[in-house]
Amino acid sequence: MDEIHVNNINEINFHPVLKDIENIFWFFLLSIRTQSNDDIQNTLRILNKQEGYGAFDQMLDKFNTSTDLKIEKRGNIATSKLNIIKEMNFMGKAMVVFLYELLYASDYFTEINEDQEFKFLKYIRNGAAHNNKFDLKYRYGRNKGQWMLGEKEIIEWNNFKITRELQDKEVFNGFISMPSIFLLAKHFSGRLENIDGKK
């Protein structure tokens, strides 16, 4: 399985079609890291008063409440504890919907739409967009109520397997997480680069 390591960040450079997905991921991680830092929060609150940006203090308060941020101080050292599962689930859902739409609207769609990984992406995207639950039956039209997957069919990527048994089960964080969506996007970035290499 592919991984993200702190020593390979500079080696990650997504294909231009998917560059926004990469940037969203880094932006999210950096924003969580900075917003949970006591020194940065204190500096922002001082700057907000000096520059008349009081609404940003309210945004920090909302972040602190939403993540249940607790900052423990021991001497000159401050340690932050927070719960960002809701935020990660939201960002994972946004990333997977955006990833699907970028690929669907791209010139590469006809070359990747039958890939096992694209089918996997489609089911994750559908679940994310349908109340974060796997939705493996047709809802409308002449196929309404019928399964989209064959009885024994398995759609697989890395060590994740989608089968009929997942119907109505939670997508994020029960089945997959935001970092895995980043890795799926990284896979597609490589796939698009391979297609470019054959032109």
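Residues numbered from 1 in each chain as written. Predicted model: local features only at pLDDT ≥ 70, side-chain atom pairs only at ≥ 80, totals over all residues. Heavy atoms only, no water.

Draft legend 1. How the structure looks around a nonpolar patch on the surface. A surface patch of nonpolar side chains, about 200 Å² in accessible area, is lined by Ile-40, Leu-44 and Leu-47. Inspection of the secondary structure assignment puts Ile-40 in helix 2 (residues 38-51). By relative accessible area, Ile-40 is classed as partly exposed at 32%. (Patch = residues over 30% accessible without salt bridge, like charges linked within 9 Å, V, L, I, M, F, W, Y side chains within 5 Å. Areas by Shrake-Rupley, 256 points an atom, 1.4 Å probe, with all protein chains shown as cover. Salt bridge = Lys/Arg side-chain N within 4 Å of Asp/Glu carboxyl O. Helix = DSSP H or I, 4+ residues; strand = E, 2+ residues; numbered from the N terminus. Buried < 20%, exposed > 50% of the residue type's maximum accessible area, 1.4 Å probe, protein only.)

Draft legend 2. Local environment of helix 2. With 14 residues, helix 2 extends 20 Å between its outermost C-alpha atoms, agreeing within 8% with the 20 Å of an ideal straight helix rising 1.5 Å per residue. All of the buried residues in helix 2 are Asp-38, Gln-41, Arg-45 and Asn-48. Across the axial projection of helix 2, the buried residues extend over an arc of 90°, all falling on one side. Exposed and oriented more than 90 degrees from the buried face of helix 2 are Asp-39, Ile-46 and Gln-50. At its buried positions, helix 2 is contacted by helix 1 (19-35), helix 3 (54-66), strand 1 (70-74) and strand 2 (77-81). N-cap assignment for helix 2: the residue whose side-chain oxygen lies 2.9 Å from the backbone N of Asp-39 is Asn-37. Positioned one or two residues after helix 2, Gly-52 has a phi angle of 75°, which is positive. (Expected span 1.5 Å × (residues − 1). Arc of directions from axis to C-beta. Contact = heavy atoms within 4.5 Å. Polar contact = N/O pair within 3.5 Å; in protein donor to acceptor, adjacent residues only side chain to side chain.)

By themselves these figures say nothing about function.
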